[in-house]
Structures are given as structure tokens and as C-alpha cells.
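One-letter residues, chain by chain:
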Amino acid sequence: MAIIRNKRRHGLVALSLILPFLAIFALVFAYPLYEVVRLSFTDAPLIGEGNWIGLDNYVRLFSDRIFYISIKNNAYFVVLTVIPTTLIAMVIALAVNRLSGRWQALALVLFFTPYVLPVSVVTQIWAWMLDFQFGVLQPVFTFFTGKPVPVFKNPYWVLPSIAVVTIWWTNGFNVLLILAGLRNIPTDLYEAAALDGATRRQLFARITWPLLWPVTALVLTLQLILQLKLFDQVYLLSEGGPFNTSYVLLLMVYREAFQLNHGGYAAAISLILFLLIAVVSVLQYQLLRIGRGKDT
Amino acid sequence: MSGVKLTNVRKSFGPLDVIKDVSLEVPKGEFGVFVGPSGCGKSTLLRMIAGLEDTTGGKIEIGGRDVTAVEPAKRGVAMVFQSYALYPHLSVAENMAFSLRLSRAPKHEREEKVREAARILQLTDHLDKKPSALSGGQRQRVAIGRAIVREPEVFLFDEPLSNLDAELRVQMRLELTRLHRQIGATMIYVTHDQVEAMTLADDIYVLKGGHVMQSGRPLSLYDDPDNRFVAGFIGSPAMNFVTGKVTGTGNGIARVACADGTLDVALQGALPGPGADIILGVRPEHLAPVEEGGLPVTVEVAEELGGSSFIHARSATGADIVFERRGQRDRLDGQSLRIAAPAENVLAFLPDGRRLR
Ligand SMILES: Nc1ncnc2c1ncn2[C@@H]1O[C@H](COP(=O)(O)OP(=O)(O)OP(=O)(O)O)[C@@H](O)[C@H]1O
Ligand SMILES: [Mg+2]
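Cut-offs and rules
- Residues numbered from 1 in each chain as written.
- Chains lettered and ligands numbered in written order.
- Predicted model: local features only at pLDDT ≥ 70, side-chain atom pairs only at ≥ 80, totals over all residues.
- Heavy atoms only, no water.
- Salt bridge = Lys/Arg side-chain N within 4 Å of Asp/Glu carboxyl O.
- Buried < 20%, exposed > 50% of the residue type's maximum accessible area, 1.4 Å probe, protein only.
- UniProt positions renumbered as here; feature names shortened; annotations may be inferred.
- Helix = DSSP H or I, 4+ residues; strand = E, 2+ residues; numbered from the N terminus.
- Contact = heavy atoms within 4.5 Å.
- Phe/Tyr/Trp six-rings, centres within 6.5 Å; stacked < 30°, edge-to-face > 60°.
- Pairing = 2+ DSSP bridges.
- Right-handed = clockwise from strand over helix to strand, strands pointing away.

A.B. asks: When you look at the pattern of salt bridges in this model, what are you seeing that I'm missing?
C.D. replies: Proximity of charged atoms lets side chains of opposite charge pair with each other. Scanning all chains against the criterion turns up 29 salt bridges over all chains. For B:Glu71, the salt bridge is made with B:Lys74, and the minimal N-O distance between the two is 3.5 Å. Classification of B:Lys74 as exposed rests on a relative accessible area of 52%. We note a salt bridge from B:Asp330 to B:Arg325, for which the minimum N-O separation is 3.1 Å. On the accessibility criterion, B:Arg325 (8% relative accessible area) is buried. Because the salt bridges share partners, they merge into one network encompassing A:Glu191, B:Lys11, B:Arg47, B:Glu53 and B:Asp54.

A.B. asks: Where do I start with the UniProt feature "domain: ABC transporter" (unreviewed entry) in chain B in this structure?
C.D. replies: Under the present numbering, the feature "domain: ABC transporter" (unreviewed entry) in UniProt falls on residues 4–234 of chain B. Across residues 4–234 of chain B, the secondary structure splits into 37% helix and 26% strand, with the terminal C-alpha atoms separated by 24 Å.

A.B. asks: What am I meant to see in the environment of A:Ala192 here?
C.D. replies: As for its position among the elements, A:Ala192 is in helix α8 (residues 187–195). Excluding residues that lie within four positions of it along the chain, A:Ala192 makes contacts with B:Phe81, B:Ala85, B:Tyr87 and B:Arg146.

A.B. asks: Honestly, the packing of aromatic side chains in this entry has me stumped. Any pointers?
C.D. replies: The relative placement of two aromatic rings is captured by the distance of their centres and the angle of their planes. All names here are of chain A. For the structure shown, the criterion picks out 25 aromatic pairs over all chains. Look at Tyr254 and Phe258: their rings are 5.6 Å apart centre to centre, the planes differ by 35°, and that puts the pair in the tilted class. Here the residue Tyr254 and the residue Phe258 both occupy positions in helix α11 (residues 249–259), the gap between them amounting to 4 residues, near one helical turn. An aromatic cluster is built from Phe21, Phe25, Phe29 and Phe274, whose rings are joined through pairwise contacts.

A.B. asks: Honestly, the pairing of strand β7 (residues 154–158) of chain B in this entry has me stumped. Any pointers?
C.D. replies: Residue and element names in this part refer to chain B. The element β7 is largely enclosed, with a buried count of 5 among its 5 residues. Every second residue of β7 is oriented toward a common face, with Val154, Leu156 and Asp158 on one face and Phe155 and Phe157 on the other, all of them buried. With 4 bridges connecting them, strand β6 (residues 77–80) and β7 associate as parallel partners. The residue of β7 that forms the bridge with Val77 is Val154. Across 5 bridges, the pairing between β7 and strand β8 (residues 186–191) is parallel. Its bridge partner lying in β8, Val154 is registered against Thr186. Tracing the backbone out of β7, into helix α5 (residues 166–183) and back to the parallel element β8 gives a crossover that is right-handed.

Shown next, in the form of C-alpha cells:
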């Protein structure tokens with residue numbers, strides 16, 4: 001009897017503990033999500049109600065040329081950033097990890113500083129450095145292509161340049177994560193492997209890489225989600241131009257909702273983006289886990 | 001098979017001298033144990049033999065070959081770590097075959113060697129498991145298996161049993177002795193546990209503060225220690241020490257006044273003059289109650305072990321004295337009595353700790 005009553009009280013306590021979270025979750029996530037889904041079936045403006053128009057928004061979306069450009073750009077941007085930034089972070093972390101005490105701290109600060117900067121400062125810095133006329137990096141372009149390049153106004157250079165800016169901006173955080181992962185690998189494993197006759201290469205391939213894999217998978221997944229949500233840098237550096245060639249989904253949402261007052265249509269696009277991120281990231285994380293499952 | 005020889009070996013970490021001029025030799029095929037209190041540099045010395053720490057000075061030879069500057073993998077040594085250092089992402093079989101894989105040994109050779117090691121260590125049923133699915137004792141055996149597979153000339157163990165519970169420790173101790181008989185390789189074993197050292201070793205090397213205090217067969221260290229440190233470190237319960245002054249000498253016997261009583265000590269060399277300060281050491285099993293003479297003590301606690309008991313007593317000057325009784329069941333708690341030991345079983349030390357023989 002007493003046990004049963006205790007159990008019930010136990011349940012009540014548990015419920016009361018998660019209730020605040022549930023309430024906030026419902027308020028700021030579930031309800032807006034429901035509203036987005038509902039809105040996407042209407043022709044509502046940004047503010048106010050609209051009429052139910054069924055799947056019209058989606059039909060329109062799938063014949064919208066900019067939608068396809070955006071999807072393609074989102075994918076291209078992911079290719080340009082996710083794996084490169086992870087690899088770069090890994091190389092930097094491995095190098096930093098070999099520095100001793102004070103130098104390590106100094107190197108970390110240097111690599112982490114860009115991450116602290118607000119996005120508008122970052123884009124200002126790079127807009128200045130890559131300026132067509134007096135950008136300090138233009139000689140590099142001149143050296144390779146023979147002439148200066150207005151990178152943010154050139155359809156071929158615009159996304160790769162934004163990718164470089166993004167990697168420079170966010171890489172410090174990945175370095176930190178990977179460094180933490182490296183420090184978690186016990187040194188005596190390296191000593192045992194050294195006694196077993198491992199070369200530097202083998203140490204990396206057979207100890208560091210497999211034991212770092214959980215962290216690497218985490219970084220890859222976080223990066224994938226983050227980079228699919230690309231908006232600020234494009235908005236501030238190219239505004240989707242030139243000729244809409246650097247449009248991405250979130251920029252499209254912004255334009256439809258806030259510039260063209262198409263609330264319903266913007267909701268449909270956001271929903272597609274949401275599903276895309278959810279599916280791709282879950283898929284990727286599962287794939288990475290399976291990849292790891294082989295040798296865990 | 002080869003022995004290990006250290007000549008004037010030194011090691012400093014920056015300003016800190018951890019190993020100060022160690023010379024010793026572990027003959028080939030022998031089981032040598034480095035023992036000493038925590039922080040005395042045992043692990044450092046072992047890691048220097050393995051090549052995991054570089055040598056500040058001196059020479060390390062393995063099998064007559066100077067390996068002081070040779071990299072770890074080329075020294076012909078295998079090491080078993082206190083933490084086992086198993087590769088968590090590899091199975092037991094892969095852990096044991098790791099070194100063979102690195103050297104690209106053919107598959108059938110790898111499998112054969114792993115199978116043989118697994119048979120010796122009774123791991124055959126666990127070859128496909130990950131280390132995380134093993135018990136402490138099994139992990140320890142995998143670590144040893146990884147060493148066996150490499151067929152090293154010298155095995156190095158750094159406190160391999162300290163993470164195991166007492167019962168398993170005793171069992172693994174026996175298995176290690178058996179393993180040593182079976183493969184006959186030179187083994188060097190580090191521990192701070194003198195019981196482990198006594199039971200495993202052919203030769204014990206007692207370290208303190210970066211010096212070898214004494215080395216030799218376990219029983220010779222027990223019976224004939226060179227200094228007060230070794231005398232107190234080897235043996236459990238530890239040797240009793242009392243300080244006193246020589247009152248008279250004759251016939252190779254010195255009579256010493258100590259703790260409100262007297263003890264006789266037999267000495268072969270020159271006898272110290274009357275009035276000399278001296279420290280006497282007596283093992284618990286040599287002390288027994290006497291009618292008169294000896295030291296007056298008051299019994300405080302008795303540790304009953306069944307076959308024997310250790311009586312903890314306090315001398316008139318407040319020193320702890322432990323003595324052993326066998327086969328007597330009457331209790332002595334709280335009693336005052338006198339205890340003494342035969343003169344030839346009493347050891348004498350100078351105030352600086354050196355043995356007076
Ligand atoms: N990498 C290092 N840098 C600086 N000092 C060190 C280093 N390794 C060991 N020491 C110092 O050397 C001394 C001996 O260390 P060591 O690990 O050899 O002791 P030990 O005898 O194995 O002790 P324990 O029984 O606790 O394992 C200690 O004082 C330790 O602080
Ligand atoms: Mg140690």
C-alpha cells in the first residue's frame with residue numbers, strides 16, 4: 001500500500017519537474033510549428049489570417065525557379081563547408097594539441113577569437129579584405145586569375161567566398177570540440193601503440209581517428225544543421241545576388257515573408273527547410289553511427 | 001632471451017632528479033621486482049627501460065645491446081600498464097594482434113599466435129568481445145596476452161594487479177608465476193606492495209628516492225637487510241624498531257638499554273663502545289614473552305588470524321611493538337608482560353640507518 005502511494009507521489013514529482021519544460025516547449029516550439037503548418041495551407045499575409053488554399057503554396061513552390069536555385073545552393077554550401085571545416089579543425093586541433101601549456105592557450109585564443117565576433121563585423125572585415133578595388137586579398141586573385149575579382153558580385157566566386165568567410169568565422173568552436181576529444185584519449189594508449197611498433201601515421205589511423213570518431217560525427221552533424229540554416233552571411237555579403245545566383249532557402253523565406261508579405265508561402269518554404277534539416281541530420285547521424293558501429 | 005643491465009642511470013624532470021644514479025642487473029630469464037614507496041621512481045625507471053622516457057644519463061642495455069637511444073618498439077620489450085591500456089575500439093583478438101598487424105604479419109600467423117596466447121590465458125571464449133565487456137581480471141589477461149603475442153625478450157609490468165580485488169590479485173599472482181615458468185622470459189615487475197614483491201620475485205630491488213637501497217633474493221632481504229629502510233619495508237607486519245644506548249659488550253654480544261628494558265644483539269664486526277646510540281630491529285615472529293629481562297610492554301590489541309595472532313603492545317616509552325604468537329589461545333588483552341628475542345635475531349642499525357653487523 002505504502003509503496004503504491006509512494007510510486008504515485010514519485011510520478012507526480014516527476015511530472016511537476018518536467019511540466020515547466022513541457023509548457024515552454026509547447027509554447028515556443030509545438031505551437032509555432034503547428035501554426036507554420038497551418039499557415040502553409042493558406043494565402044495569409046505576414047500578419048493576419050488568410051484563406052485556406054490547400055496545396056497551392058506547395059504547387060507554386062515546386063515550379064518556382066528560385067526554390068531550385070536555393071536548394072542547389074544550400075547543398076553546394078554544405079559541400080563547401082561541412083567536411084572542409086571539420087578537416088581543418090582537426091588539423092588545427094592536432095597541431096595545437098602538440099603545443100605546450102602557455103603556447104597552447106595562446107593558439108586557442110587566436111583560433112577562437114573570430115567565433116566571438118558578431119556576424120556583421122565578420123562580413124565587414126571580409127567585405128573590406130575582398131573589396132574589388134582596395135581589398136588586401138585582391139592581389140591573390142590577381143596572381144591566380146590575372147585580374148581582380150569582385151567576388152561577391154561574381155556567380156562563380158560568391159558561394160565559395162561566403163564559405164571561406166563562414167569557415168573562418170566558426171572554425172574555432174570546432175577546434176575546441178575536437179581538442180576536447182583528443183584530450184580524452186588516454187596517453188597510455190599511444191604509449192602502448194608505440195611499444196607495439198606503430199609509426200606516426202599508424203598512430204593516427206589506428207588510435208586517434210577511431211577514438212575521435214564520436215566527436216567527429218558530432219561536429220559533422222552540428223555543422224550540417226548550422227550550414228543548412230545559412231542566412232546572415234549571404235544577406236549581408238551578396239543579398240542573394242548576382243542575379244539571384246546565391247539565393248538560399250532561408251533568404252527566400254525572408255524575402256517572401258518580410259519583403260513581399262507572403263506569409264503563407266514563406267511558411268511552406270520554412271516547413272520544407274525544417275523537414276530537410278530534420279531528415280538529413282538524423283540520416284547523417286545514423287549513418288555516422290553505423291560507420292562507427294563496425295569497429296566499436 | 002636477454003637480461004637487462006642499467007649502469008649509472010639518471011633521470012630528471014626539469015630541476016627534479018627522480019632517478020639518481022641507479023646501477024642494477026636483472027639476469028636473463030629472471031623475475032625481477034622493483035619495489036618501493038609511492039613516488040620513489042619505480043614507474044619512471046621501468047618506463048626508461050621501455051623507452052617511454054628518455055634517459056638523462058647512464059646506459060641501458062638489453063641482452064648486451066646498448067638501447068639507451070633506441071626507440072621503444074625496437075628494444076624487444078613489451079609492457080603491461082596499470083590501466084591495461086587496451087584499445088577500446090578493438091576486440092580482444094584485435095588488441096592482441098595489434099602489433100602483428102602493424103608489422104603486416106600474414107593472417108594465419110596472427111591468428112595462430114593469438115590463439116596460442118588466448119589458450120595460455122584462458123581467453124579463448126572472449127576473443128570477439130570488446131574490452132568494455134570484460135571483467136578487470138580478464139582485461140588484465142588481455143593486456144598480458146598483447147605482450148605475449150609480441151614474443152618479447154623482456155616483459156615489463158607496472159603495478160598490473162593494483163586495480164584488482166584482493167582475491168583476484170592472489171590468483172593473478174600465481175598465474176604470473178606460472179606464466180614466467182612457461183615462457184621463461186626476463187620479467188621486470190613494479191609494485192609498491194612488498195607482499196607481491198616477496199611472492200613473485202627471483203630478485204627484489206628496493207628503491208627509495210631514486211636510489212636502489214638494496215637488491216637480492218626475497219629471503220635474504222628479509223633476513224639480512226642492509227639498512228633500516230629495507231628492514232622496515234620488507235615484511236608484514238613490519239619489523240619493530242626501538243632506540244637505545246649500548247651499556248656493555250662482550251663475546252660478540254652488545255647489551256642495549258632501551259624502552260625501560262634491555263635487549264641483547266649479536267654482532268660479528270667491531271662492537272660499538274658503551275654509550276653509543278643504536279637502533280634495534282626485531283621481527284614480530286622473533287619476539288616472545290619472557291619471565292625476566294627483555295622489554296616491559298602492555299598489550300593493547302590482538303589480531304587473531306586463527307593459526308597465529310599478532311599482539312599489538314605498547315612499550316614503557318610509548319613505542320608500538322608487535323609480536324606473533326602461535327598455537328596459544330589465551331587472551332593477553334590489557335596484560336603487562338616482558339618480551340625478548342634471541343640475540344642472533346636482533347638487528348642493529350646506526351642512527352643514520354646503516355646496518356651494524
Ligand atoms: N612527467 C613527469 N614530469 C615531472 N615529474 C614527474 C613526471 N613523471 C613522474 N614525475 C615525478 O617523479 C617521481 C617518481 O614518479 P614515479 O611515477 O616513477 O613514482 P612511482 O614510484 O611509480 O610511484 P607510484 O607507486 O605512486 O606509482 C614523482 O615524484 C613524480 O612526481
Ligand atoms: Mg608508478
